[in-house]
Amino acid sequence: MTGYTHSELNLTDPTKGYTQFVLYTEPRLGVACASLNATVTIRRQTPYGQEWRDRLQRCVPSAMHATLVDSMMIPKLFEPCVDEDTDNSSAVRRSSCACYRTWYDPEFGLPVVGEHYRTVSGDIDDWTYTTYTPLDLRPDDVFASLIIDGENGLFWARTADGTLSFLPQEQGRGYGFGRTGGGPTDLADYLTKLLASDGKDTAAGGPPYSIRTVDQQILAWVESKPDARHLELTFEELRAIQRG
Ligand SMILES: [Zn+2]
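Summarised in this report is the structure supplied together with it. (Residues numbered from 1 in each chain as written. Predicted model: local features only at pLDDT ≥ 70, side-chain atom pairs only at ≥ 80, totals over all residues.)

1. Brief notes about the overall build of the protein
A tally of regular secondary structure across the protein gives 5 helices and 11 strands. Looking at the protein residue by residue over its 244 residues, the buried ones come to 33%. Pairs at least 24 residues apart make up 59% of the contacts formed inside the protein by residues separated by at least 6 positions. (Helix = DSSP H or I, 4+ residues; strand = E, 2+ residues; numbered from the N terminus. Buried ≥ 20, exposed ≤ 12 C-beta atoms within 10 Å, placed from the backbone. Contact = placed C-beta atoms within 7 Å.)

Written as structure tokens, this is what we have:
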């Protein structure tokens, strides 16, 4: 595969939902998941996670949501939260909860599953969100800034009109900072392609970094920031890092 083009990835039009979303299934083993889009999990409510969470629309569970949970948990997608029904099977002593709830992201049409964890005492009452990343920004989006959400280990893009998106990411090519694993090189690889196209090529994927020259200034910067948190860099700031 030599990378995606917008026309191949017209899957983020919210009026169409996640069309052309490619699934991998093994019915015998009960496996169904995305084959191209990466999965991301938000555990902490950082400002960026909260901004994204606030725009989600609640919806009934669909087959796409089912791909985000273990197959044994699919029936639980249809059960109410203890907040809505204290007699539900997810509740213990009518106060704790371990339910699921489903939303979609109206900007990118992607499914979102929230997992609720509340103790009987209520001391712990958390939601964890799992969703897919887009493979590209939308056709009319203009990349404006890169956001590092260090507490969640996530990377976002903000478009020129202010919309937050997960950084387009392909399954198996998770982004990271520091010097551990392939994440830093994958991120530097994405940013190299972005800079080389003057911000126009925002799609994930493309040839692996071993056959593309990763920008060494960008890679050095990515490797030097193992503890980066809440960093938002404009395209011009990325360009300045590239120039050294
Ligand atoms: Zn609940």
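From this point, things continue past the structure.
2. Quick word on the nonpolar core
Among the nonpolar cores identified, the biggest contains 45 residues, and Phe155, Trp156, Leu167, Leu187, Tyr190 and Leu191 are the most heavily contacted of them. At 5 residues, the largest contribution of residues to this core is made by helix H3 (residues 183-196). When near neighbours in sequence (up to four residues on either side) are disregarded, Leu187 contacts Phe155, Tyr175, Gly176 and Val222. (Core = buried A, V, L, I, M, F, W, Y, C linked by C-beta atoms within 7 Å.)

3. What about the sheet that holds strand S9 (residues 154-159)?
Pairing in this open sheet of 4 strands is antiparallel, and the strands run S10-S9-S8-S11 from one edge to the other. A strand with exactly one partner marks an edge of an open sheet, and here the two such strands are strand S10 (164-166) and strand S11 (231-234). Sheet twist, expressed as the average angle between the axes of neighbouring strands with direction ignored, equals 25°. Bridge count between strand S8 (residues 143-149) and S9: 6 bridges; the pairing is antiparallel. Bridging across to S9, Ile147 finds its partner in Trp156. Sheet contacts for helix H5 (residues 235-243): S8 and S11; angle to S11, the most-contacted strand, approximately 85°. (Pairing = 2+ DSSP bridges. Axes fitted to C-alpha atoms, helices over the stretch in contact; angles between N-to-C directions.)

4. Quick notes on the pairing of strand S2 (residues 31-34)
Sheet analysis places strand S1 (residues 23-26) next to S2, joined by 4 bridges and oriented antiparallel. By the bridge assignment for S2, Glu26 is matched with Val31. Hairpin connection, S1 to S2: the antiparallel pair is bridged by 4 residues, and Gly30 has positive phi, about 70°.

5. What to know about the sheet that holds strand S5 (residues 100-104)
If you walk across this open sheet you meet the 5 strands as S3-S7-S6-S5-S4, and the pairing is antiparallel. Looking at strand neighbours, the two that pair on one side only are strand S3 (39-42) and strand S4 (57-58), the edges of this open sheet. As judged from the 4 bridges shared by S3 and strand S7 (residues 125-132), these two strands associate in the antiparallel manner. Looking at S7, one finds that Val40 is bridged to Thr131.

6. A look at the packing of H3 against helix H4 (residues 216-223)
Between two packed helices, both the angle of their axes relative to each other and the distance between the axes serve to describe the pair. Interaxial distance between H3 and H4 falls to 9 Å at its minimum, and their mutual angle equals 140°. Here H3 is positioned oblique relative to H4, judged by the angle of their axes. The handedness of the crossing between H3 and H4 is right-handed. Between H3, through Pro184, Thr185, Leu187, Ala188, Leu191 and Thr192, and H4, the contact on the second element is made entirely by Ile218, Leu219, Val222 and Glu223. (Parallel < 35°, antiparallel > 145°, perpendicular 65-115°, else oblique. Left-handed = near helix turned anticlockwise from the far one by under 90°.)

7. Describing the pairing of S8
With 5 of 7 residues buried, S8 is to be regarded as a mostly interior element. Linkage of S8 to S9, two consecutive antiparallel strands, is achieved through a turn of 4 residues, within which Gly153 is found at a positive phi near 65°. Pairing of S8 with S11 involves 4 bridges; the strand directions are antiparallel. Each residue of the ladder has a partner; that of Ser145, found in S11, is Thr234.

8. Focus: H3
Over its 14 residues, H3 extends 20 Å from the first C-alpha to the last, a length consistent with the 20 Å expected when each residue adds 1.5 Å. For H3, the buried fraction is high: 11 of the 14 residues fall into the buried class. Every buried residue of H3 is listed here: Pro184, Thr185, Asp186, Leu187, Ala188, Asp189, Tyr190, Leu191, Thr192, Lys193 and Leu194. Looking at the buried positions of H3, the neighbouring elements they touch are S8, S9, H4 and H5. Looking one or two places after H3, you find Asp198, whose phi comes out positive at around 60°. (Expected span 1.5 Å × (residues − 1).)

9. Concerning unusual backbone geometry
If you check the backbone angles, Asp198 has positive phi at about 60° while not being a glycine. Relative to the helices and strands, Asp198 is located in the loop between H3 and H4. We classify Asp198 as exposed; it has 10 C-beta atoms within 10 Å.

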